[in-house]
Amino acid sequence: MTIGANPGELIPNRTGGSTGEPTCFFLDRPTVERYEAARWLGLSWYGIRIGDPSVMIWGSPIELNRQDARRYQLKERWLKNRLMIPAYDLDQSRIEEHVRTIRRFRPVYLYGYASALALFAELMLQAGLRLGFPLKAVVSTAETLHDHQRAVITEAFEAPVVNEYGARDGGIIAYQCPAGSMHAFSENCYLEVVDPVTGEPLPVGEVGVLLVTDLHNRVMPRLRYQLGDMLALSSQNCTCGINYPVLQEIDGRVDDMFVSMRGSFVHGHFINHIIRNMESFRTFQLVQHEPDRLTLRLVKHPERFRADDEEKVLQGIRSALGDASIRLEYVEHIPPTPSGKTRYAIRECPLTVSPRPE
Ligand SMILES: [Zn+2]
């Protein structure tokens, strides 16, 4: 901490803690406001202004006790002009009521976890529901936004789907512009991409682990802090005219990477690519316990299930990861984590393994 910082003015925060122990750190007020300003700047690219009403489809009131939850709701509603819809109790029976609530509130934009927005959108489509008024944007945050999620959200809400890249522990790092690029807010933080095993800096365009250095937090700056995301930086300029540097691709979390039996890294997305064109399965989750030992959980589509798709999925996994032992479980649903996120790919073994001979 800087000498002279007033401990009473420090703002405590903690890392997400979805894997491992959360770490506590401190921010000063200007740093919090700079990151918040970055969010409003990103939203302004879509014509959204400070104070515009929004609906947040979110996870975590479970973390709060009843009194704190009520205080939180009031603060959201009256200070932020924001209505919260909890994502953990989303189901077909409640979707109509939620849609009515949104219509009454008439937000300018929606905000939420990619998986919660996609589930909400899917339930709306299944029930034949539409909002019936235009939104300026649907902002997806905190999780990797998969293509199939973007498609269903676009279809249900008939609005641009905007990817916000940031985290509770990271501040707002980048925002998607109307031309589709992720622009990094480079005046708030310095970004580097390094090799996940050696820690050596990687050339522009190569996917690696992101390190973040805060440029303004004078009380406890994060120096080359690993947020846990894999991405590549780009040297390209965007056609939209915004001059912030472009992140070439956000490949997801380090936690979402799998290790093949050959010792190479395979992004957990590969399972989406295998399954997304099959109608047999509603959803899925792949867990890698060891490089050669996995569990695949599948939720069957009641009418469209075809037995030979099962073998195709297993073959696809083996061609990506090697001839591993895969335990197959059919389940009713994939439970979200306590924060409301759903994880499709979970790796339990360390990423840094030495390569094995073929
Ligand atoms: Zn752009």
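Our structure is the block above this text.
Residues numbered from 1 in each chain as written. Predicted model: local features only at pLDDT ≥ 70, side-chain atom pairs only at ≥ 80, totals over all residues. Heavy atoms only, no water.

*Asks:* Can you lay out the sheet that holds strand E16 (residues 281-290) for me, pointing to particular residues and giving the numbers?
*Replies:* Spatially, E18-E17-E16-E19 is the arrangement adopted by the 4 strands of the open sheet, whose pairing is mixed. Taken across any chain shown, the strands that pair with only one partner, and hence form the sheet edges, are strand E18 (325-330) and strand E19 (345-347). For this sheet, the mean angle separating the axes of adjacent strands, direction not counted, is 15 degrees. Direction of pairing for E16 relative to E19: parallel, over a ladder of 3 bridges. Opposite Leu 286, over in E19, you have Ala 345 as the bridge partner. (Pairing = 2+ DSSP bridges. Helix = DSSP H or I, 4+ residues; strand = E, 2+ residues; numbered from the N terminus. Axes fitted to C-alpha atoms, helices over the stretch in contact; angles between N-to-C directions.)

*Asks:* Run through helix H3 (residues 92-105), naming residues and quoting values.
*Replies:* Taking 1.5 Å per residue, 14 residues should reach 20 Å; H3 reaches 21 Å between its end C-alpha atoms and fits that length. Looking only at H3, the buried set comprises Ile 95, His 98, Val 99, Ile 102 and Phe 105. Buried residues in H3, looked at end-on, bunch into an arc of 125 degrees, giving them a common side. Exposed and facing more than 90 degrees away from the buried side of H3 are Ser 93 and Arg 104. Residues of H3 that are buried sit in contact with strand E3 (54-58), helix H2 (66-79), strand E4 (82-86), strand E5 (109-113) and helix H4 (114-126). Remark: Arg 106 follows H3 within two positions and exhibits a positive phi of approximately 50 degrees. (Expected span 1.5 Å × (residues − 1). Buried < 20%, exposed > 50% of the residue type's maximum accessible area, 1.4 Å probe, protein only. Arc of directions from axis to C-beta. Contact = heavy atoms within 4.5 Å.)

*Asks:* How would you summarise the nonpolar core if you had to cite specific residues and measurements?
*Replies:* Nonpolar side chains in soluble globular proteins tend to end up buried together. Core analysis: the largest hydrophobic core is formed by 53 residues, its most contacted members being Ile 57, Phe 120, Ile 153, Phe 157 and Tyr 175. Among all residues touching Ile 153, those that are not within four sequence positions of it are Ala 114, Leu 117, Ala 118, Ala 121, Val 138, Leu 145, Glu 158 and Val 161. Listed in part, the 22 residues of the second largest apolar core include Phe 258, Phe 284, Leu 296 and Ile 326. (Core = buried A, V, L, I, M, F, W, Y, C linked by side-chain atoms within 4.5 Å.)

*Asks:* Please provide a residue-by-residue account of the coordination of the zinc ion, values included.
*Replies:* Coordination of the zinc ion by the protein involves Cys 177 (SG), His 183 (NE2), Cys 238 (SG) and Cys 240 (SG), with metal-donor separations of 2.1 to 2.2 Å. Coordination at the zinc ion comes from 4 donor atoms whose angles at the metal span 104 to 115 degrees, giving a geometry best classed as tetrahedral. Sequence spacing of the donor residues for the zinc ion, all on one chain, is C-x5-H-x54-C-x1-C. Linking His 183 in strand E9 (residues 182-184) with Cys 240 in the loop between strand E12 (225-233) and strand E13 (246-253), this pair joins segments that are 57 residues apart in sequence. According to the relative accessible area criterion, Cys 240 is partly exposed, its value standing at 30%. (Donors = N, O, S within 2.8 Å, 3.2 Å for Na, K, Ca; no water. Tetrahedral: all angles 85-135°; square planar, octahedral: opposite > 155°, others 65-115°.)

Distances and angles like these do not, on their own, reveal function.
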